[in-house]
Amino acid sequence: MQALTKGAGALRDNPRIGFRLAEFEPRDVRRVILGQYELRYELGEDVAYVLRLWHTREDR
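Here is what the cut-offs are and how they apply
Residues numbered from 1 in each chain as written. Predicted model: local features only at pLDDT ≥ 70, side-chain atom pairs only at ≥ 80, totals over all residues. Heavy atoms only, no water. Core = buried A, V, L, I, M, F, W, Y, C linked by side-chain atoms within 4.5 Å. Buried < 20%, exposed > 50% of the residue type's maximum accessible area, 1.4 Å probe, protein only. Helix = DSSP H or I, 4+ residues; strand = E, 2+ residues; numbered from the N terminus. Contact = heavy atoms within 4.5 Å. Polar contact = N/O pair within 3.5 Å; in protein donor to acceptor, adjacent residues only side chain to side chain.

Colleague: So what's going on with the nonpolar core? Which residues, and what values?
Modeller: Nonpolar side chains in soluble globular proteins tend to end up buried together. Of all hydrophobic cores here, the largest spans seven residues; its members are L4, L11, V32, L34, L39, Y41 and L43. For this core, the element with the most residues is strand β3 (residues 37-43), which contributes three residues. In this structure L43 touches P15, R16, D28, R30 and A48, once residues within four positions along its chain are discounted.

Right, here's the structure in full:
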């Protein structure tokens, strides 16, 4: 839980750290791997919206 919290908190300082997902363009949707979890988020003007969080062993 601490790794997820720390990783998500890093988005505050480096919001473009994640890999941009082209299939969602023109929206700025990105993904970042935090330990064994994948976090997908969308960048707004002054905020990052968490869209999904799941364990990488799940078939998504």
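Colleague: How would you explain the side chain of E38 if you had to name every residue and give the values?
Modeller: As for its placement among the helices and strands, E38 is situated in strand β3. Taking relative accessible area as the criterion, E38 reaches 8% and is therefore assigned buried. Looking at E38, its side chain comes within polar contact range of the side chain of R31, at 3.2 Å. Here E38 is in contact with R31, V32, I33, R52, L53, W54 and T56, once residues within four sequence places are set aside.

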